[in-house]
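# Results of the structural survey
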Amino acid sequence: MQPVLDYLENNRQRFVGELCEYLRHPSISAQPDHAPDMRAAAAWLAGRCRAIGLKTEICKTPGQSIVVAKTPRRKGSSKPHYLVYGHYDVQPPDPLPLWKTPPFEPTIANGNVYARGATDNKGQHFAHLCAIEAYLKTGTELPCDITFVIEGEEEMGSGNLAPFIKKRRADLQCDGVVVSDTGMPSPKHPAVTYSLRGVMALEVRLDGPSRDLHSGIFGGSVENPAMALCQMLAKCRDAEGKVLVPGFYDDVAKLSAYERKQMARVPHTDAAYRRMLGVKALFGEAGYTPVEQRSARPTFEINGLTSGYQGEGSKTIVPSHASCKITIRLVPDQKPQTILRKVKQHLKAICPPGVKMTFSGGHEGDPYIVAPDSHQVRAGLTALKAAFGAEPIVMREGGSIPIINDFKKILGVDTLLLGLALPDDNLHSPNEKFSLDQLHKGMLMSARLWPELARI
Ligand code: BES
Ligand code: ZN
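Residues numbered from 1 in each chain as written. Chains lettered and ligands numbered in written order. Predicted model: local features only at pLDDT ≥ 70, side-chain atom pairs only at ≥ 80, totals over all residues. Heavy atoms only, no water.

### Thoughts on the state of the cysteines
Applying the stated criterion across every chain, the model contains zero disulfides. For C351, which is in no disulfide, the shortest distance to another cysteine sulfur is to C236 and amounts to 11 Å. (Disulfide = S-S within 2.5 Å.)

### What to know about the coordination of the zinc ion (ligand 2)
Bound to the zinc ion (ligand 2) are the protein donor atoms D120 (OD), E155 (OE), E155 (OE) and H428 (NE2), situated 2.0 to 2.6 Å from the metal. Between the six donor atoms coordinating the zinc ion (ligand 2), the angles at the centre fall across 53 to 155°, so the site counts as irregular. Each donor residue of the zinc ion (ligand 2) lies on one chain, and together they are spaced D-x34-E-x272-H. With E155 in the loop between β6 (145-151) and α5 (161-167) and H428 in the loop between β18 (415-417) and β19 (433-435), the pair connects residues that are 273 residues apart, well separated along the chain. (Donors = N, O, S within 2.8 Å, 3.2 Å for Na, K, Ca; no water. Tetrahedral: all angles 85-135°; square planar, octahedral: opposite > 155°, others 65-115°. Helix = DSSP H or I, 4+ residues; strand = E, 2+ residues; numbered from the N terminus.)

### Section: helix α12 (residues 375-388)
Taking 1.5 Å of rise per residue, 14 residues should cover 20 Å, and α12 covers 20 Å from first to last C-alpha, within 8% of that figure. Residues of α12 that are buried include every one of Q376, V377, A379, G380, L381, A383, L384, A387 and F388, and no others. (Expected span 1.5 Å × (residues − 1). Buried < 20%, exposed > 50% of the residue type's maximum accessible area, 1.4 Å probe, protein only.)

### Focus: empty space enclosed by the protein
Regions of empty space are outlined by a rolling probe, equal in size to a water molecule, passed over the atoms. Summed over all chains, the structure comprises one cavity of 30 Å³ or more. The computed volume of the largest cavity comes to approximately 30 Å³. Together, V370, S374, Q376, V377, D414, T415 and L416 line the largest cavity. The set of elements that each furnish at least two residues to the lining of the largest cavity consists of α12 and β18. (1 Å grid on protein atoms, 1.4 Å probe; cavity = no way out; pocket = protein on both sides within 12 Å on 5 of 7 lines; lining within 4 Å. Points joined across faces, edges and corners; volume = space filled by probe spheres on them.)

Purely geometric stuff here, so don't read any function into it on its own.
Laid out in structure tokens, this is it:
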């Protein structure tokens, strides 16, 4: 192990430089005009994998390619086999004016690298790649066979990954999946995440008059779609955060006393949280702590809302239509399709007669939960403790990685979530960053993990 750790220490600067090269690719999966950048990012990653000695393929799909890279292995190897999953696609950087440095010109400042994708997720899977490089380049025997599966469509729902895994099932059969695409409360509280929320996305559109109308001539005698939509949305969640869709909470599993105790160990103070988010007051469902509210309770969120005139000055119209994008975060044992049905039913029941409502689809993902005390979790905790020099915790997180349920369904294995993001890393926000210290400790964690997983 010592040569591996020394290698990681001695190559710190080079690793940072390479991560910056990776971050320079604007691999925005949601925007078709970035298709060439997606290909370039995949090619860069594959090149890196080959350079460290991995058997690497760029696998085509109907959408973005998937990079699959394997450590060299002996025929009939009896070592445990683990997948390391990550994604090379990133969220759109908008709104651009809010970035202090350009999102695709990685900038090092205060011990961080600033760039879109720095934490979510290029920096995090890159840490694993460096750890494997250290094993291979120092001739240290890897205790596990490892296959990297790095996709390019996570930020849009991973639509092509499950079919790919099914097709390659024999090849990808493994003892577990390791994913660093979540977070930890602080470097002093490294964490294994044992549950993620699921998600159901939906767009709702209301059409009213056949064209924008003069609000003075017609207003008052015709339904205003923008107002109708606001009134409907107001009936979906109350002012304290409780979702008002009938039957919404029916399948929510009760939190055990053990889990609530674990959640109470997650460091949190209201004032610091408030400051970090830049809000005047905290908000949330009564009877639950903020940590519980954002990881173990379901929510109904408006992600975008549009109607009418958005330009400068005023324009006196009754807009012809209004629309909104909604995501609902789900917790065990809620099912996306059941919730979708209930939400649609509720919206239909409260939709006024003067508008026509249409729904359009979004992506979905089941909530995820595994035992917080499995052997794999314990291996993760040991690796985190050695790398971060602090007692780790187990926790739930509020974000979603829908594909990990497919790993379970198709390959029958659990996922070990070892997130390296810090709460102020600005995932999906302007000025995303990744701490270089987290990058290095993430490599140490990965280096320590493989012997622990091989011991199970
Ligand atoms: N890395 C995030 C998920 C995440 C972040 C989980 C922090 C836990 C803590 C991932 O890239 C992501 O953003 N996922 C999307 C999934 C959606 C597009 C289906 C999400 O959660 O919104
Ligand atoms: Zn993301």
